[in-house]
Amino acid sequence: MSKLTSAVFTGLLGLCSASSAAWADGISGDVGAGLSYQPHDPSGSRYETRPVPYLDLDWGDVSLSTDDGLTWSALNSHGITAGPYINYLAGRTSNGELQGLRNVSDMAEAGGFIQYAPADFWRVYAQLGQAVGGGHSQSGTLGKVGGELGYPLGGGIIGSSGLVAHFTDARQANTYFGVDSNEAAATGFRSYNASGGFQNVTLSQSFAFPLAPHWSLLTSASWVHLVGSAAKSSIVKQAGDVNQGQVQTAISYTFD
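Anyway, here's the lowdown on the structure attached to this text. Source: prediction; values computed, not measured. (Residues numbered from 1 in each chain as written. Predicted model: local features only at pLDDT ≥ 70, side-chain atom pairs only at ≥ 80, totals over all residues. Heavy atoms only, no water.)

### Overview of the nonpolar core
Here comes step 1: Ranked by internal contacts, the top residues of the largest apolar core, which has 21 residues, are L89, L101, M107, Y176, F177, V179 and F189.
Here comes step 2: Of all the secondary-structure elements, those providing two or more residues to this core are α3 (170-177), α5 (228-232) and α6 (234-239).
Here comes step 3: In this view, L89 contacts D106, M107, E109, A131, L142, Q172 and Y176; residues no more than four positions away in its chain are not counted.
Here comes step 4: With six residues, the next largest nonpolar core counts L57, W59, V62 and I86 among its residues. (Core = buried A, V, L, I, M, F, W, Y, C linked by side-chain atoms within 4.5 Å. Buried < 20%, exposed > 50% of the residue type's maximum accessible area, 1.4 Å probe, protein only. Helix = DSSP H or I, 4+ residues; strand = E, 2+ residues; numbered from the N terminus. Contact = heavy atoms within 4.5 Å.)

### Considerations on the pairing of strand β11 (residues 197-212)
Here comes step 1: Where strand β10 (residues 157-168) meets β11, 11 bridges bridge the pair, whose relative direction is antiparallel. Residue pairing in the sheet places H166 in a bridge with N200 of β11.
Here comes step 2: Judged from the 12 bridges that link them, β11 and strand β12 (residues 215-226) form a sheet pairing that is antiparallel. Its bridge partner lying in β12, V201 is registered against H225.
Here comes step 3: Joining the antiparallel neighbours β11 and β12 is a turn of two residues, in which H214 adopts a positive phi near 80°. (Pairing = 2+ DSSP bridges.)

### A few points about a nonpolar patch on the surface
Here comes step 1: On the surface, L75, I80, I114, Y116 and V124 cluster together to form a nonpolar patch covering roughly 410 Å² of accessible area.
Here comes step 2: As for its position among the elements, I114 is in strand β7 (residues 107-119).
Here comes step 3: A relative accessible area of 46% means that I114 is categorised as partly exposed. (Patch = residues over 30% accessible without salt bridge, like charges linked within 9 Å, V, L, I, M, F, W, Y side chains within 5 Å. Areas by Shrake-Rupley, 256 points an atom, 1.4 Å probe, with all protein chains shown as cover. Salt bridge = Lys/Arg side-chain N within 4 Å of Asp/Glu carboxyl O.)

### Focus on the pattern of salt bridges
Here comes step 1: Considering all chains together, one arrives at five salt bridges under this definition.
Here comes step 2: For D68, the salt bridge identified is with K144, shortest N-O distance 3.5 Å. Placement of the pair is D68 in the loop between β3 (62-65) and β4 (69-72) and K144 in strand β9 (residues 141-154), with a sequence separation of 76 residues. Taken individually, D68 and K144 each receive the classification buried, so the pair is uniform in this respect.
Here comes step 3: Ionic contacts of the salt-bridge type, sharing partners, join the residues D68, R123, K144 and E148 into one network.

### Some points on the side chain of S216
Here comes step 1: Following the sequence through the fold, S216 ends up in strand β12.
Here comes step 2: S216 has contacts with F209, P210, L211, A250, I251 and S252, leaving out every residue within four places of it along the chain.

### Quick word on unusual backbone geometry
Outside of glycine, negative phi angles account for most residues, and trans bonds account for most peptide bonds.
Here comes step 1: Not every positive phi belongs to a glycine, and H78 is a case in point at roughly 55°.
Here comes step 2: Within the secondary structure, H78 sits in the loop between β5 (75-77) and β6 (80-89).
Here comes step 3: Overall, the relative accessible area of 76% leaves H78 in the exposed class.
Here comes step 4: Unlike most non-glycine residues, H214 shows phi in positive territory, near 80°.
Here comes step 5: Under the relative-accessibility criterion, H214 is labelled partly exposed at 32%.

Set out below in structure tokens:
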């Protein structure tokens, strides 16, 4: 069993067993599938279309979502929730313009979160975690702070706007944006040592359109702006883009 598989499996068992009463409450939320047109890697070197799942499910204090991963609200009081989480962190296949850079393994991200959501239609939150299961020097600290606001638009259409800022330590920043001397010689990218701090700011806009009882069409568009050390990386300057976009669409089913 790989380190990533072991880490994810352990996290799933830990979170699910931590709140066994949640399963008795039954599942509520949405599940679906769709397509995403997005950057191949965080530098924005090229774009690709990927199939993606859509998950926004709750079992009592346990939640599973595409964005936040598997979370357990160990604390849940007066709109404030907090607890552990585990999520998937995509790696990088270094081909095309990135040929000669090191590949980055798929990893798990495990840590803790806190969220304030006094109403169903808005929230502010923060996460801090550790990348687990990567190769040598590919597992660092990362997190995000953000907010989300939902609103009805009439005809059953629901809109949602979000703003989130991602940050990492130097080790995690170098995983995707650093270039060592060997890689520089193999690729032509200038050697670069990335530092920690805020990595990007992401603004997103989503809509949910009712199709039939329990079924919806979901659309989302995001703008990602690299900042700090990530924006100054030679990979971004020579092959990527500071400003990136992503669009997604999916069909979802809602459980009552």
